[in-house]
Each structure stands twice: as C-alpha cells, then as structure tokens.
Amino acid sequence: MLHSMKGRNSVLYFCSRRALSSFIPRYEFPKYNIALSDFKGHQVKALKKFQYLAPQLNMVLELRDLRAPLSTRNVLFDRFFMDGNEKIKRLIVYTKKDYMPQSAALFETLTRWHNEMKEDFIILDGKSRNDVKNLMKVIEWQSNKLVENDVPLPMGYRILVTGMPNVGKSTLVNSLRYINYSKRNPNSKGAKVSRTGDQAGVTRSTSEIIRISKDNATQGIYLIDSPGIGLPGRVSNQSRILAQALCNCVKETLIDPVVQADYLLFLMNLQKMKNNIEWYPDYKTNPTNDIYTVFNRCYDMHKLSETTAAIAWINHWKRKGKNVLFDVEPLLVSGEFSYKDYLIKDLQKIEDFSVENTKLNIPGASKQVFV
C-alpha cells in the first residue's frame, strides 16, 4: 500500500511539473473600449495652485505606488519641474512598501531607472514609524543645508506633498505630523490633519500649512497636502489606467470589474517565474489564462454573479495581496526598457498641454477620453 501511494504521488508530481512547464501566459492583453482618464475639475484647480505656490516651495514629495511605479508616475509633475522650478528639491517617495516585502529585484530596477534621470527616491510604508522617521531625517537634512548656506527662509522650509489619487499622501502627512506631535502630547494619539480613505479623491483641495518640525528646530518645516492628480487622457493608455484602477487611483466604477480582474490574472501569470506564490487556487499545478476558471475555483458561482466575484477577488489583492506588480515594465531585464526614453515620449505628448484649455471627461462616458 505504501509503495502504491508513493508511486501515485510521483505521478502527481510529474503531472504538476508538466502542467507548469507547458503553460504559456498571455503576452498581450485584449483591447477594450474603456475610459483612459479620470481627470477632474478639482485636479485642474490643484495644478493652478501649484504654480501659485511654486515661489515659496523648497521641496516636493512626489508619491507613487510601489506596485505600479510607472502607472502612478504623473508626467505633469515632470513638466512642473521643467517650467522654471528646477531649484525646488524633488524627492520621489514610493509608498505601499508593506505590499511588496520581497522587493529586492524591484529596488535594483528602480535604482537603475532613477539613475538614468539623476533622481532621488525612497521606499516606505506611510504607516511605519521607522520609515517615516527616516524620511523626516532626509527632510531635516535638506532644511539644515539651506540654514548652513545662509539661505533666508522667512516662511520656513515648505514642502508640497503630491501624487496621484490614493497613493498615500494624506496618510504620510498625518504620520509626519504625528512624529513630533506625540512628543509634545505623549498621552494623545494625535488628531488627523488630512482625511484618508481607500478610494480616490478623498482630498479635494490644497490644504493649509501643516507644521511638522520640532519645537526647538532651527527653522519651521511645513507641509502642504494636495488632492491627487490623475493623468490627462493624451498620455494615458489601457495598461496605465488598469494599473491605476488596481491601485485605487481612479474610481472603482470607472472600469468593468471583470476587465480589472482579467488584467490582474494577466499580470500574475506573467510573474510566475518571478515569485513562488500561489496566486489563485491550483496555480502551481494547473495555471490558467481564463478568469472565469479562477472565479469558479475561488467562489461558489451558483451564488455569485461574475461581477461580484470579480470585485471580491480584486479587492483582496488591492487591500491584502502581497508581491504582485501592477506594471509590466519592472519585469523586463536591463536593455529592454529605458525609463528615460519613456519619460521623453510622455513629455512630447504634453508639449502643448494647457490647464486653462483642458476639457474634462464626463462621468459615465463610455468612449475613450482624450485631454
């Protein structure tokens, strides 16, 4: 009996290895007629406010989601630094580190990318006290450099916190403020100074000045929170908007949940050689390119609609899933993708972009929107 069971297990092992070796993931995702932008009126207003605030800014913290480092990068901010604002210190902050704990290869990729553009970046979890303290040290160092160089700062050291919707701006603002607030008020948990939430668009306007420096600091350090700003349709595409949807950077109703779920499956199967993770039931023994097969493995489809199953599955990976990238480009090896060329092409697309002449998308529109 023991011998026969051992033989059976050997057959199962052989079959599972054969299934994995013969499986071919999709290398192209189908084209769908979906909206390519969620660019709203309050975002245009925020862009105008940035230009107004620029003369008093010393630093910009530009936040991006680590799971989608390209799709949550906004070329409008690159344009901002080219329009006479080169003297403002720019620090790119990748948030959601807790969703990518095994990201050594991703860190190497990001280092290579940003070295191409001589950009500084940091990776953190906005809710981690240690990570936020490290960021605060960087901010204080930049502020102290100006003091040492006798640069007058009558309004203090001012920092704009910006990025796409729901990349963690307000969470980070609250955390930075709380670090020194808790020392002054040890019995208090610290009131939030910025609203937070799981959906895009919680912060609707550029906030007042928020002090984050210590009481005995050489000079005051102040934050300005801002609403998330999406991509204009002219520099967006299907993969970007789908990645943003998986990051909750756009309203979850903008794109059909089944399409989002299918894109997530597409990404997972492409990453099969990168991570030894059970993305969905029977992934290791019987991977599939069919999203409806995944639904049937995960849920009792006699009780759920396909839309409900899709929402449940993608919400799990949005809020609890680990180590899944929502962008394809970080999976490419060096030489197959140039971050610098990617940025240059995007800048060319917005050469004639003007906030004043922007036409916004209409909520519920079924056509692709170009801005």
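All of the points below concern the structure found in this document. The shown structure was predicted, so the numbers you read here are calculated from the model rather than taken from an experiment.

Section: the pattern of salt bridges
- On inspection of all chains with the given rule, the structure shows 13 salt bridges.
- Residue E62 is joined to R64 by a salt bridge in which the shortest nitrogen-to-oxygen separation is 3.0 Å. Pair check on accessibility: E62 and R64 agree, each one buried.
- Because the salt bridges share partners, they merge into one network encompassing E62, R64, R73, D78, R90, E119, R240 and D346.

Here we look at the packing of helix 7 (residues 238-246) against helix 8 (residues 257-270)
- Packing of helix 7 against helix 8 leaves a shortest axis separation of 10 Å and a crossing angle of 100°. By the angle between their directions, the pair helix 7 and helix 8 is classed as roughly perpendicular. When helix 7 is examined against helix 8, the residues S239, L242, A243, A245 and L246 are found in contact with a partner set consisting of V259, Q260, Y263, L264 and L267.
- Across the contact of helix 7 with helix 8, the residue classes break down as eight nonpolar, two polar and no charged.

Thoughts on helix 9 (residues 291-298)
- Considered for burial, the residues of helix 9 that qualify are I291, V294 and F295. Buried residues along helix 9 cover an arc of 100° about the axis, so they all sit on one side.
- As for helix 9, its buried residues are in contact with helix 8 and helix 10 (306-319).

Overview of the packing of aromatic side chains
- Counting across every chain of the model gives 15 aromatic pairs.
- With 5.8 Å between their ring centres and 50° between their planes, F107 and F121 make a pair best called tilted. Of this pair, F107 sits in helix 4 (residues 104-117) while F121 sits in strand 3 (residues 120-123), and the two are 14 residues apart along the sequence.
- Ring centres of W113 and Y339 lie 5.7 Å apart, and the angle between their planes is 10°; on these two criteria the pair is classed as stacked. Here the residue W113 occupies a position in helix 4, and Y339 occupies one in helix 11 (residues 339-349), the gap between them amounting to 226 residues. Across the pair, Y339 and W113 agree in class, each one buried.
- In textbook terms, an aromatic cluster arises when at least three aromatic residues are bridged by ring pairs, as seen for F29, Y32, Y263 and F266.
- Of note, R67 hangs over the ring of Y99, and the distance from its end group to the ring centre comes to 4.4 Å.
- For the cation-ring pair, K322 lies above Y99, with the distance from its terminal atom to the ring centre recorded as 5.6 Å.

Re the packing of helix 8 against helix 10
- Closest axis-to-axis distance for the helix 8/helix 10 pair is 8 Å, and the angle between their directions is 50°. Comparing their axes, helix 10 and helix 8 come out oblique. For the crossing formed where helix 8 meets helix 10, the hand is left-handed. Residues P257, V258, Q260, A261, L264, L265 and M268 of helix 8 touch helix 10, and the partners they reach there are E306, T307, A310, I311, W313, I314, W317 and K318.

Description of the sheet that holds strand 2 (residues 89-95)
- Pairing in this open sheet of six strands is mixed, and the strands run 3-2-1-4-6-5 from one edge to the other. Only two strands of the sheet have a single neighbouring strand rather than two, namely strand 3 and strand 5 (209-211). Across the sheet, the axes of successive neighbouring strands diverge by a mean angle of 30°, strand direction being ignored.
- Sheet topology places strand 5 next to strand 6 (residues 221-224); three bridges connect them, and they run antiparallel. From the neighbouring strand, I210 faces strand 6, where its bridge partner is L223.
- Across the sheet, helix 5 (residues 129-148) touches strand 1 (59-65), strand 2, strand 3, strand 4 (157-163) and strand 6, and the angle it forms with strand 4 is around 140°.

Section: the pairing of strand 2
- Within strand 2, six of the seven residues are buried, which leaves the element mostly enclosed by the surrounding structure.
- Where strand 1 meets strand 2, seven bridges bridge the pair, whose relative direction is parallel. From the neighbouring strand, R64 faces strand 2, where its bridge partner is Y94.
- Chirality of the crossover, the property in question, places the unit of strand 1, helix 3 (residues 75-82) and strand 2 among those that are right-handed.
- Pairing between strand 2 and strand 3: four bridges, direction parallel.

Description of the side chain of Q238
- Within the secondary structure layout, Q238 lies in helix 7.
- Within polar-contact distance, the side chain of Q238 engages the backbone oxygen of P30 at 2.8 Å.
- Not counting the four nearest positions on each side in its chain, Q238 is found in contact with F29, P30, K31, Y32, I34 and L36.

Looking at the pairing of strand 1
- Across the seven residues of strand 1, seven count as buried, placing the element largely inside the fold.
- Alternating positions in strand 1 separate into two faces, M59, L61, L63 and D65 on one and V60, E62 and R64 on the other, with burial throughout.
- Note: strand 1 against strand 4, five bridges, orientation parallel. Bridge pairing links M59 to I159 in strand 4.

A word on the environment of I139
- When you line up the elements, I139 lands in helix 5.
- Along the primary structure I139 and Y157 are separated by 18 residues, whereas in three dimensions their C-alpha atoms are 9.2 Å apart.
- Excluding residues within four positions of it along the chain, I139 makes contact with M59, L61, Y157, I159, L176 and I221.

Parameters at a glance
By convention here, each chain's residues receive numbers from 1 onward along its written sequence. Local features are withheld for residues below a pLDDT of 70 in this predicted model, meaning they are given only at 70 or higher, and side-chain atom pairs are given and counted only at 80 or more; totals for whole chains, interfaces and linings count all residues. Only hydrogens and water are set aside when side-chain values are computed; all heavy atoms of the structure are taken into account. The term salt bridge refers to a pairing of a side-chain nitrogen on Lys or Arg with a carboxyl oxygen on Asp or Glu at a separation within 4 Å. Three labels apply to residues, based on accessible area from a 1.4 Å probe with only protein chains included: buried if under 20% of the type maximum, exposed if over 50%, partly exposed otherwise in between. Lines fitted to the C-alpha atoms define the axes, with helices restricted to the stretch that makes contact. Angles between their N-to-C directions range from 0 to 180 degrees. Where helices and strands are cited, they refer to DSSP runs of H or I of at least four residues and of E of at least two residues respectively, numbered from the N terminus. In this scheme, roughly parallel covers angles under 35 degrees and roughly antiparallel covers those over 145, while 65 to 115 is roughly perpendicular and the rest are oblique. The contact criterion used throughout is that any non-hydrogen atoms of two residues lie within 4.5 Å. By the convention adopted, Pro, Cys, Tyr, Trp, Phe, Met, Ile, Leu, Val and Ala count as nonpolar, Lys, Arg, Asp and Glu as charged, and the other residues, Gly among them, as polar. Note: the arc covers the axis-to-C-beta directions of the helix. Aromatic pairing here means that ring centres of Phe, Tyr or Trp (its six-membered ring) are within 6.5 Å. Orientation follows from the plane angle: under 30 degrees is stacked, over 60 is edge-to-face, and everything else is tilted. A ring is considered to have a charge above it if a Lys NZ or an Arg CZ atom is located within 6 Å of its centre and within 35 degrees of its normal. Each crossing gets its handedness from the near helix: less than a right angle anticlockwise from the far helix is left-handed, clockwise is right-handed. In this scheme, strands are said to pair when DSSP sees at least two bridges between them. Look down the strands so they point away from you; if the path from the first strand over the helix to the second goes clockwise, the crossover is right-handed. Two N or O atoms form a polar contact when they lie within 3.5 Å of each other; inside protein one atom must be a possible hydrogen donor and the other a possible acceptor, and for residues adjacent in sequence the pair counts only when both atoms belong to side chains.

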